[in-house]
Structures are given as structure tokens and as C-alpha cells.
Amino acid sequence: MARAAAGTGARRAAGMQLDSAALARLMPMHLVLSPTGRVRQAGPTLRRLFSRGRLVGRSLFALFEVRGPNRIGNAAGLAAKAGQKLHLMLRGGAAEVPPLRMRGLAMPLAGGEGFLMNLSFGIDIVPAVGLLQLTDTDFAATDMTMELLYLAEANAVVMGEVRALSERLDGARLQAEEEALTDPLTGLRNRRACDSFLSRLCREGQPFALLHIDLDRFKEVNDTLGHAAGDKVLKHIAGVLRGAVAAGDCIARVGGDEFVAILPGSAGSARLRALGEEIIGGAQRPVRVQGRSASVSASVGVTTVPANLRPDPSQVLAQSDAALYAAKAAGRSRVVLADEMAAAAPPPPILARGTS
Amino acid sequence: MYGLFLRAFQGYVGSTFGAPAWTQVMARAGIMAPGFEPLLPYDALTFRKVLAAAAKVLERAPDAMLEDVGTYIVTRNPAAAPRRLLRFGGATFPEFLLSLEELPDRARLALPDIDFPRLTLAERAPGEYRLTSRVEVPELAHVLLGVLSAMADDYGALVVIEVEPPGRARAALTIRLAETSFSAGQSFNLVAG
């Protein structure tokens, strides 16, 4: 049984007594301590921490490391900090749970009979409840622990929903971006994607080659065999380009029957010419459409940009355009490299940015 | 609140009747999006459209569907979150009933801008309660019926719940408690996992 009395002005309260059951309901985590700090009585929830070991008779200071804020090691220290917030840490080995941080408040009992101390789990409430399998009835009806646990869980649920929402939005954004950059018929990149890829390479001063491909006789196929045949030819060309060019390169359909392939890196003229010829060869393979054969060819204009030139993208396109025009003028199904064009009809120069 | 509810409705239709059925419901309701986002705001009109479309597509009475959604929210929701959050209301079913008045405030703790209807509980006789709520859509009483029945099972309580005919913008249910510990119910650990 504990005698609880307030220190000053306690004449009226001096006779107040509570039996241990009532004290246990009011403060399920209380300790009644002897004048030397030994446990005389403990609340039921606190006893759960020491369910296997002895609790009554042991010193508070053997069970907990007590600070307030300086270390408190004896009953005199505890008396000096009466009414102040104390930080406690379960001593390793004293209980069957890992060291938990707790907080407490001790008040002297009337007549020098020791102390009444109330404890609570502070920030370690969530692990404590899990480790000790505590339930609603382990806490005083006035305790806010249930609200705290509820809030922690509700918070986790909401965060989970927020994360799921951002993942769905991110997925939708990626899809929208992909669609915005893709030519729906061929699945190649579109002009917008091509411009953006070209601008990036120019800005970063990377070396690259640009192949500008235009189909020959495509209009004939469209006019004589219909648009479905034309679409089939365009898909065939897309397949040829994908087969000829590496995955990291950008292949785009930039107009009705006009394609651009951008190849990062420094490729020699011979390799680029061979690549152009491979594309023309592939383009010339006939495509079967409704029992009839459709065949086109291609002209290819090639331009190269060395490292660190950082040109204006429009100059690169103008030069590849000129090479393509030269290829068409030379009788179609040809590859013309801007670097090798006749001195009599040079392509527009590519200048470093800021010099034009 | 309609976001949370419509998302639960989507989960219920998808898991009970299949994903194509849900797509049909959305098409019939004339809504372009593939589904609802629980944290985004929607209005009562959207809710009514979806409910009417589902009743047509699935050939089910709206009230019965709403009750099933209530059961789904507590028992079949994959996250199991609502059941756990509701169990924090109290250690026994009567305590849980008393906590319902705090439910909108609890919801606001986690989602400060949630528009959750106020619930009022009155004890009319020992073990007999009347739960009322002012809502734009009084049919939501049937969702409450599903939720409360499932929670009573969870607590192991035996109850009889009746929905009053919907009034103007008011939902009302009568809950008669026959037995608070009819069965063992489901266990509940305060910390999940």
C-alpha cells in the first residue's frame, strides 16, 4: 500500500490513501520505492518488463540508468530531482527486452517513506508495445498511447498511399513522354525526339555522325498501291534501320518518308558509306502487299561532327540536307558524305557556336 | 472521403467481378480515367454516377453492393489498414462504437483536409444504439452497415443492425448488441507485423 501526499499545503491531502489495485489502474507503470530507492511495489505494465526476473527488493538504480539530466545514482539524487522530468534507460540484462528509453517522474512520499515514481515509454513506445505485446488495457484510460500508435499507423498508411500515387503518376508521365517522343506508325523516335537528341550532342560537344535518309519512289507506292501499302513500306524501312544501327543511337522518322539516324562517336568515312549502302540495300528489298510487290529505294546524306565543336544543330541539319540533295541529284540510291562533296558545290560549313 | 470510398469500390468490383467489369463500369459512368486515387478529392455526383453504372453493369441492387463494399473495406482490403485503424477505437465492441464519434477527428489527424462526415451515437436503451450522420449521400448508411457488421465479427460481438429508410441528407442505423463476447473474434496486436 502506498501513501501518496503532496509536499506542501498537504494538510487536506495528507490522509489520502490508495490501495495498490487503485494505484495500478491509475498508473499501470508506477513504482513505489523505499527511502533508499528499492522497489516495494510496481504497476502491472511495468512488471511486464521484468516478467521473468525479480523486481521487488531491487534497487531502481540497478534496473535503470537514471539521468536528469546528470546521472542519478542514489536516493538522495532522486530526492533532489523530485518533480522533474527524468530520463531512464533499462539496463541491459535487467529485463528481457532490449534497452528501452523511458521517462519518469518521482515524488517523495509523506513522512520520508520513500518515493512514488511514475514511468512511461517515451519515443520507444512503438517498439515497446511490439516487444511486450501490450494492449489497450495495459495503459491507463487517460493515457494517449493509443492515439499515438493510431497516428503512427495511420501516417504509415497515408505515406504508403502517397508513394503508390507518385509511382502511378510517374508511370503515367513516363508513358506520356514516351508517346510524345515516338512515331506511332513505325515505333521509331519522332522529329521532336530527334531534335532533342541532336541538341544534346551539340551542346555537350560530343562527336557524332548524322545520316539523313529519304525514300525514292515512295509516292508511287502510295499512289498506286494505297496508303496501307505505304505504311507497310515505312515499317519495313524502320526494320532495316533498326537492324543497321546500334541500340544507343537515335533513329527517327522526321517526315512522311524521311528518316534521320544519329550515331554518337567518331566513325570513319568508309564505315559510314558502308552503313548508308547497307540501308539502301535493305530499303530496296521488295515488300509484299496484298499479293503485289512494292519496292522503293533510298538516298542517304551523311554529315559528321568532330568532338568539341559544339555547333548549332540547324547547321548540322543544313549540311546533311545538302548532302542528301546531292545524292538525289546524282541519280538516287546513293550515299553522299558532306566531307567528300566536290569543291565546286561545297555544303554549307559547320562552324563552332558563336562564330556564325 | 469520396476518394477513399471510390477506391474501395474499385477494389471491391475488381476483386469480385474482375478487372474487365470495372472497366465497363467506368465506361458506363462516362469517366475517362482507369480508376480513382484515394487521396484525390471527388464529389458526390461522381459517386452517384459510379454507383448507378455499377448497378446496371453488374445487375446488382445498389444497397446490397454498398453493404458488400463496407464488408470489403474491413475484411478483404489487401492492406488490412482500415480494420486495424478501426480496432484502435477500443478494446471492446461497445468501446469501438463510442469511438465512432471521434472517427472524423482521427481521420483528420492523418489527413488534415479530409472531408469526413460527422457521426453521432446515442444510447437509447442498454445495448441499443442509434448512429446518425449528415451526409450528401444517405445510401452510405449501407456501407456503414457492412463496416459495422464486419467489425462486430472482428470483436466477436453478436449484433443486429438495421438501416433506417434514408432521410434527406441523413443516414441512420440502429445497432442492438446481443452479446459482446459471442465468439473469440480476431486478435489485434497494437503494433502490426
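Residues numbered from 1 in each chain as written. Chains lettered and ligands numbered in written order. Predicted model: local features only at pLDDT ≥ 70, side-chain atom pairs only at ≥ 80, totals over all residues. Heavy atoms only, no water.

### A word on the packing of aromatic side chains
Residue and element names in this part refer to chain B.
Step number 1: Applying the stated criterion across every chain yields a total of 14 aromatic pairs over all chains.
Step number 2: Centre to centre, the rings of Phe-5 and Phe-9 are 6.1 Å apart; their planes meet at 35°, and the pair counts as tilted. Taken as a pair, Phe-5 and Phe-9 lie in helix α1 (residues 2-17) at a separation of four residues, close to a single helical turn.
Step number 3: Accessibility expressed as a relative area gives 7% for Phe-5, which makes it buried.
Step number 4: For the ring pair Trp-22 and Phe-36, a centre distance of 6.1 Å and an interplane angle of 70° mean the geometry is edge-to-face. (Phe/Tyr/Trp six-rings, centres within 6.5 Å; stacked < 30°, edge-to-face > 60°. Helix = DSSP H or I, 4+ residues; strand = E, 2+ residues; numbered from the N terminus. Buried < 20%, exposed > 50% of the residue type's maximum accessible area, 1.4 Å probe, protein only.)

### Observations regarding unusual backbone geometry
Residues and elements named next belong to chain A.
Step number 1: Here the residue pair Gly-68 and Pro-69 is connected by a cis peptide bond, since its omega of -5° sits within 30 degrees of zero.
Step number 2: You will see that Asn-308, though not glycine, has its phi angle at about 65°, which is positive.
Step number 3: Structurally, Asn-308 can be placed in the loop between β15 (297-305) and α11 (313-329).
Step number 4: Taking the relative accessible area as the measure of exposure, Asn-308 reaches 56% and is therefore exposed.

### Some words on the pattern of salt bridges
Step number 1: Under the counting rule described, the total for this entry stands at 27 salt bridges over all chains.
Step number 2: Close ionic contact of Glu177(A) with Arg173(A) constitutes a salt bridge, the shortest N to O distance being 2.9 Å. Of this pair, Glu177(A) and Arg173(A) both sit in helix α6 (residues 145-180), four residues apart, which is roughly one turn of the helix.
Step number 3: With a closest N to O distance of 2.6 Å, Asp154(B) and Arg87(B) form a salt bridge. Of this pair, Asp154(B) sits in helix α8 (residues 140-155) while Arg87(B) is found in helix α5 (residues 81-87), placing the two residues 67 residues apart along the sequence.
Step number 4: Residues joined in a network through salt bridges with shared partners are Asp214(A), Asp216(A), Lys328(A) and Arg332(A). (Salt bridge = Lys/Arg side-chain N within 4 Å of Asp/Glu carboxyl O.)

### Some words on the sheet that holds strand β9 (residues 115-121) of chain A
Step number 1: Taking strand neighbours across the sheet as the criterion, the seven strands line up as β4-β3-β9-β8-β7-β5-β6 (chain A) in an open arrangement whose pairing is antiparallel. The sheet terminates laterally at β4 (39-42) and β6 (71-72) of chain A, the two strands that pair on one side only. (Pairing = 2+ DSSP bridges.)

### Notes on the sheet that holds strand β10 (residues 208-216) of chain A
Residues and elements named next belong to chain A.
Step number 1: Reading across from one edge, β11-β12-β10-β15-β16 is the order of the five strands in this open sheet, with mixed pairing throughout. On the outer flanks of this sheet lie β11 (250-253) and β16 (335-337), each paired with one strand and no other. Averaged over neighbouring strand pairs, the angle between their axes works out to 15° when direction is ignored.
Step number 2: Both β15 and β16 contribute to a ladder of three bridges, which runs parallel. Bridge assignment links Val-302 to a residue of β16, and that residue is Leu-337. (Axes fitted to C-alpha atoms, helices over the stretch in contact; angles between N-to-C directions.)

### A few points about the nonpolar core
Step number 1: With 58 residues, the main nonpolar core has Phe9(B), Phe47(B), Val50(B), Phe93(B), Leu131(B), Leu148(B) and Ile175(B) as its most contacted residues.
Step number 2: The dominant element in this core, judged by the number of residues it contributes, is α8(B), at 11 residues.
Step number 3: No fewer than three residues from each of domain 1 (2-60) and domain 2 (73-179) of chain B sit in this core.
Step number 4: Here Phe93(B) is in contact with Leu148(B), Met151(B), Ala152(B), Tyr155(B), Ala157(B), Val159(B), Ile175(B) and Leu177(B), once residues within four sequence places are set aside.
Step number 5: Leu31(A), Leu60(A), Leu90(A) and Leu149(A) belong to the second-largest nonpolar core, a separate cluster that totals 49 residues. (Core = buried A, V, L, I, M, F, W, Y, C linked by side-chain atoms within 4.5 Å. Domains from an automatic or database assignment. Contact = heavy atoms within 4.5 Å.)

### Considering the pairing of strand β5 (residues 64-67) of chain A
All names here are of chain A.
Step number 1: A one-sided burial pattern is seen for β5, the buried positions being Phe-64 and Val-66 and the unburied ones Glu-65 and Arg-67.
Step number 2: Direction of pairing for β5 relative to strand β7 (residues 86-90): antiparallel, over a ladder of four bridges. Counted as the bridge partner of Phe-64 is Leu-90 from β7.
Step number 3: Here β5 runs beside β6; their pairing, made up of two bridges, is antiparallel. Its bridge partner lying in β6, Arg-67 is registered against Arg-71.
Step number 4: Where β5 hands over to β6, the hairpin turn is made up of three residues, counted between the paired strands.

### A short note on the confidence of the model for chain B
Step number 1: Summary statistics for chain B give a mean pLDDT of 90 and a share of 98% for residues scoring 70 or more.
Step number 2: At the level of chain-chain contacts, confidence expressed as ipTM amounts to 0.79, with global pTM at 0.68. (pLDDT = per-residue confidence, 0-100.)

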